[in-house]
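If you want the building blocks of each chain, they are given just below.
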Amino acid sequence: MNTSVQNQQEAKLSDILLSWYDKERRILPWREDPTPYHVWVSEIMLQQTRVDTVIEYYQRFLRELPDVKSLAEAEEERLLKLWQGLGYYSRIRNMHKGAIQVMEEYGGKIPGTPKELQKLSGIGEYVAAAISSIAFSYPIPSVDGNLLRVYARMTGYEESIRTTAARKVATAYYEEILDRTRPGDMNQALMDLGATICLPNGAPLCEKCPWQMRCEARRAGKEQQIPVKEEKKKRRKEKRTVLRIRLGDRVVIGKRPERGLLANLYELPNAEGWLTEAQAEEACRTLGYEPKAIRKLKPSKHIFSHVEWHMHAFEIEAEERPDASAAENGFFAAEKSALQEAYSIPTAFKAYMDF
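This is a predicted model, so every value here is computed, not measured.

Here we take up the overall build of the chain. Looking only at helices and strands, the chain has 16 helices and seven strands in total. Here the C-alpha coordinates of the chain stretch approximately 85 × 50 × 35 Å along the principal axes. In the chain, which comprises 355 residues, the proportion classed as buried is 47%.

Printed below as a string of structure tokens:
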């Protein structure tokens, strides 16, 4: 056997991975100054969101709210505006609650152990492990989807990885190989390995993988069959009609309910089903505005985690009706500049926000 190959096979997995990470790691802003607050913000943003999308949001967020105190003191409207476009708005609401807990229960200092971190709103097992290992060098693996996929391929695990049992055995595996002196780097190395080489939804880049000599899936030629995933439930599809009602340079918006989908965010008026032109005009009158001209806009689609909105839309030039008050319906006409600066409009309506 080639000596270098034999040495690689005998070397500790952690040493091989960390050597690779030191040369190939992604340069990300939260890694350059991994304070507990920075790691917390980045990990919450990275849930359900791509890294390249998060970077700009992360940098803007820290400019506005540089520490846990400023986050705790921020008004919800400001937070939702900063979060606009990231989706899953419960994340920022929970982080806000968690920041208040830090100020009130921990004297303004983010705790450093997984047990204490999980007492904060919105922080589960994975995020607690990520913060404690990266910011405090606490020796614990942070097992997310990337690490589950790497585990399954490394060990040839052919059961579904979307189970509690899979997470349990994967965690035990990583606890065994974790580098106790660099636990945060080890976790980030595994994240990079899963995100850039041990890819989902297609062929992994095995020839670039530092662990290729020890991978059971590669050895068995099952790189694309493993990991095994149960089929996700199909999303419910809903038809909706969106009304872009314009009063000169103002646009009609309203605030959504405090609970449910897109809670407390602002929206363009919309209704279930695909309305006809006459029905759209009548809906406009119901809101307190008299239509003067109407035109159809291009259809659009927005995908949430469990539902899809298939939208038709109309732009309506209108004027306020003297015999009706739109405010009673919760809708009002806002200046276009305010839509940019003050009101958080969900990405679901993005296709109709270009005036």
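Next comes the rest of the account.
Counted as a void, the largest pocket has a volume near 1,900 Å³. The wall of the largest pocket is formed by 47 residues, among which Leu 46, Gln 47, Gln 48, Thr 49 and Gly 145 lie closest to the centre. Going through the elements one at a time, helix 3 (29-32), helix 4 (36-46), helix 5 (51-64), helix 10 (125-136), helix 11 (145-155) and helix 13 (183-196) are the ones with two or more residues in the lining of the largest pocket. Across the lining of the largest pocket, the residue classes break down as 18 nonpolar, twelve polar and 17 charged. Computed from the structure, the second largest pocket encloses a volume of approximately 680 Å³. Taken together, 30 residues form the lining of the second largest pocket, with Gly 87, Tyr 88, Tyr 89, Ser 90 and Leu 262 sitting closest to its centre.

Okay, unusual backbone geometry next. Geometrically, the link from Ile 226 to Pro 227 is a cis peptide bond, its omega value of 10 degrees lying close to zero. Within the secondary structure, Pro 227 is located in the loop between helix 14 (216-219) and strand 1 (236-247). Even without being glycine, Tyr 88 reaches a positive phi, approximately 45 degrees. Residue position: Tyr 88 is located in the loop between helix 7 (76-83) and helix 8 (90-105). Positive phi values are uncommon outside glycine, yet Asn 264 reaches one of about 70 degrees. The topology assignment puts Asn 264 in the loop between strand 2 (250-255) and strand 3 (266-267).

This brings us to empty space enclosed by the protein. The tally for this structure, following the rule as stated, stands at one cavity of 30 Å³ or more. Its boundaries defined by the atoms lining it, the largest cavity holds a volume of some 120 Å³. Forming the walls of the largest cavity are 14 residues, and the residues nearest its centre are Arg 153, Cys 198, Cys 206, Cys 209 and Cys 215. With three residues, helix 11 is the largest single contributor of residues to the lining of the largest cavity. Counted by class, the lining of the largest cavity contains ten nonpolar, one polar and three charged residues.

Our next topic: the environment of Lys 119. Counting through the fold element by element, Lys 119 comes out in the loop between helix 9 (114-117) and helix 10. When the C-alpha positions of Lys 119 and Ala 152 are compared, they lie 30 Å apart, and in sequence the two are 33 residues distant. The contact partners of Lys 119, leaving out residues within four places of it in the chain, are Gln 101 and Tyr 106.

We now examine helix 13. With 14 residues, helix 13 extends 20 Å between its outermost C-alpha atoms, agreeing within 8% with the 20 Å of an ideal straight helix rising 1.5 Å per residue. Most of helix 13 sits inside the fold, with eleven of its 14 residues counted as buried.

Turning our eyes to something else, we now look at the nonpolar core. By size, the foremost hydrophobic cluster in this structure holds 91 residues, and its most contacted members are Tyr 37, Trp 40, Phe 61 and Trp 211. Leaving out residues up to four positions away in the same chain, Trp 40 has contacts with Val 68, Met 95, Gly 98, Ala 99, Val 102, Ile 110, Ile 123 and Ile 131. Among the nonpolar cores identified, the runner-up in size contains 14 residues, and Leu 247, Tyr 289, Ile 316 and Phe 331 belong to it.

One way to put it is that helix 11 packs onto helix 13 with a least axis distance of 8 Å and a crossing angle of 75 degrees. Here helix 13 runs roughly perpendicular to helix 11, going by the angle between their axes. Across the interface between the two elements, Asn 146, Leu 147, Arg 149 and Val 150 of helix 11 pack against Asn 187, Leu 190, Met 191, Leu 193, Gly 194 and Ala 195 of helix 13. Within the contact of helix 11 with helix 13, the residues separate by chemical class into six nonpolar, three polar and one charged.

With that out of the way, let us pick up the side chain of Gln 101. Examined against the element boundaries, Gln 101 turns out to sit in helix 8. Contact partners of Gln 101, with chain neighbours within four places excluded, come to Tyr 106, Lys 119, Leu 120 and Ser 121.

Criteria and cut-off values
- Residues numbered from 1 in each chain as written.
- Predicted model: local features only at pLDDT ≥ 70, side-chain atom pairs only at ≥ 80, totals over all residues.
- Heavy atoms only, no water.
- Helix = DSSP H or I, 4+ residues; strand = E, 2+ residues; numbered from the N terminus.
- Buried < 20%, exposed > 50% of the residue type's maximum accessible area, 1.4 Å probe, protein only.
- 1 Å grid on protein atoms, 1.4 Å probe; cavity = no way out; pocket = protein on both sides within 12 Å on 5 of 7 lines; lining within 4 Å.
- Points joined across faces, edges and corners; volume = space filled by probe spheres on them.
- Nonpolar A, V, L, I, M, F, W, Y, C, P; charged D, E, K, R; others polar.
- Contact = heavy atoms within 4.5 Å.
- Expected span 1.5 Å × (residues − 1).
- Core = buried A, V, L, I, M, F, W, Y, C linked by side-chain atoms within 4.5 Å.
- Axes fitted to C-alpha atoms, helices over the stretch in contact; angles between N-to-C directions.
- Parallel < 35°, antiparallel > 145°, perpendicular 65-115°, else oblique.

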